[in-house]
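Summary of structural features
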Amino acid sequence: MCGEIIGPTMTILAHNIQVTFNGIATVLAFGSVGGLVTNIFCGIFQNFTANYPELMLTTAFLLTALLMSITPFIGSLWPMCMIFLLQGTAGSFANMGGTNLLIDMWKTRVATPLNIVHLGYGFGAIFANLLVRPFINTEDEYPQAFNTSIRFPYIISGFLCFLIGIGHLVVFLQKSPEREAEQTVVETVSLQCDTGNEQIKFSVYSPKTCGNGYFKYGLILSFLFIMYIFFVSGTDQVFAKFYFSFLTNDQFRMSSSSASWGVILYWLSYSIGRLISAILSIFLPVYVCLTITWCGGLILAVVWNVYVWVFGLTMEGLFILGSLTGLIIAPLFPLSFAWFTQNLNLIPPLLGALLCACGLGSLTLQKIAGILMDVNQNHFPTLLTGSIAVTMMLFIVSNLVIFCHKRTVKTRRNSLINEDEDGQNMADYLKDYNNVRKNSIILSF
């Protein structure tokens, strides 16, 4: 709710602080900066992240409750930037703490739990849009006076966050005695080598740790995954934040009330997409689910551009394409993190780096989207297409690296097994030879 209530209220907030879409993009960028700094902090202080996820969630929701209550009363750009900077900080605490908690519980089987938990994001966005609808101005232009019509939805969202924060605080206090008794500081990670039973220790910040003992594999794949999630998160956030404003531009002559229904349909299909993904990931490998999703995304991006630039869009066409976009974009984030977990050792520093990339992707692409929306709003789907194309290329390259690595490891293990078998055969031969020789001596005697 708190992440997506900005969408239908963006024009009101822009009016209150007297900026264009470019100015709002700057505000959103500050939110991404707050998330980026927080993720760096969590990556460096990995023991805190690993041991206190409930405290991180408590801090995130209580801070968000305060900030949501203040937002609709801000009347200038820089205070609003500071509010969003802190909101980004709170969002990253929630993301880092919650994701780390789920991965710690479910390990490589985290795909379905991640999809189910993130299903709440779509439902929260639907509720936020329904909550805002009675309070948004349905006229073409907003009055000159400061608009506080959205204060009630923001305060209600803040109050709900306060209740959730208290719930997490209770869980944290209950687990504190157990944690004090069991807590250990992890400075190194022991990994099993392919060449024997020897345990070798690596630094938790080494790519060897991420790559389960393979430095080059861990380094290359970590870099590819960071670039990949940069575009995944950026695409998700750009469409969610600017879709309402795209619907209400002069070209489509759509009222705010009609546009809000379009956004609600988007989030409904978004939730359905994550539910379908949660079910499919039980029966299909994660990389297969992602491949299907990305192929659908590429086709959809092409259709968006054809209709916008060639045929033109009607209200019905916009609603259908928006709904299909939600259906396809929704599974990408949870499925991607499940994919990362299956192919790398997702330790807190790497998780922090991935979430930093999420923040940078949101910051960069939202800023670009704000500039493009001011120039020509038809460039909105063009940005979507470019981002999807680049991300698909990174996805393909990553899978090639994974395939080559697994093939190399399998070949090496087979070689070791053959060497062991050859050694055993030689030992059996020598043993039989000695027995025969011994028996021959006995008979000769």
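Residues numbered from 1 in each chain as written. Predicted model: local features only at pLDDT ≥ 70, side-chain atom pairs only at ≥ 80, totals over all residues. Heavy atoms only, no water.

If you check an unreviewed UniProt entry, the protein appears there as Sodium-dependent glucose transporter 1-like protein from Adineta ricciae.

The contact between helix α2 (residues 21-44) and helix α14 (residues 348-375) brings their axes to 8 Å, and the two run at 175°. Relative to α14, α2 is oriented roughly antiparallel. Partitioned by chemical class, the residues of the contact of α2 with α14 number 15 nonpolar, ten polar and two charged. (Axes fitted to C-alpha atoms, helices over the stretch in contact; angles between N-to-C directions. Helix = DSSP H or I, 4+ residues; strand = E, 2+ residues; numbered from the N terminus. Parallel < 35°, antiparallel > 145°, perpendicular 65-115°, else oblique. Nonpolar A, V, L, I, M, F, W, Y, C, P; charged D, E, K, R; others polar.)

Moving on to the side chain of His405. If you trace the backbone, His405 turns up in helix α15 (residues 380-444). Apart from the residues within four sequence positions on either side, His405 is in contact with Tyr214 and Tyr217. (Contact = heavy atoms within 4.5 Å.)

Glancing now at the packing of helix α5 (residues 77-106) against α14. Where α5 meets α14, the closest approach of the two axes is 11 Å, and the angle between their N-to-C directions is 135°. Judged by the inter-axis angle, α5 sits oblique to α14. The crossing of α5 and α14 is right-handed. The residues of α14 that touch α5, namely those facing Asn95, Met96, Thr99 and Asn100, are Pro348, Leu351, Gly352 and Leu355. Considering only residue class, the contact of α5 with α14 consists of four nonpolar, four polar and no charged. (Left-handed = near helix turned anticlockwise from the far one by under 90°.)

Within this structure, the stated rule accounts for 26 aromatic pairs. Ring centres 4.7 Å apart and planes at 55° place the aromatic pair Phe225 and Trp339 in the tilted group. Taken together, the residues span a long stretch of sequence, with Phe225 in helix α9 (residues 215-247) and Trp339 in helix α13 (residues 332-343) at a distance of 114 residues. Each member of the pair, Phe225 as well as Trp339, is classed as buried. On the basis of an interplanar angle of 20° and a centroid distance of 4.8 Å, the ring pair of Phe239 and Tyr243 is categorised as stacked. Here the residue Phe239 and the residue Tyr243 both occupy positions in helix α9, the gap between them amounting to four residues, near one helical turn. The buried category is assigned to Phe239, whose relative accessible area is 2%. (Phe/Tyr/Trp six-rings, centres within 6.5 Å; stacked < 30°, edge-to-face > 60°. Buried < 20%, exposed > 50% of the residue type's maximum accessible area, 1.4 Å probe, protein only.)

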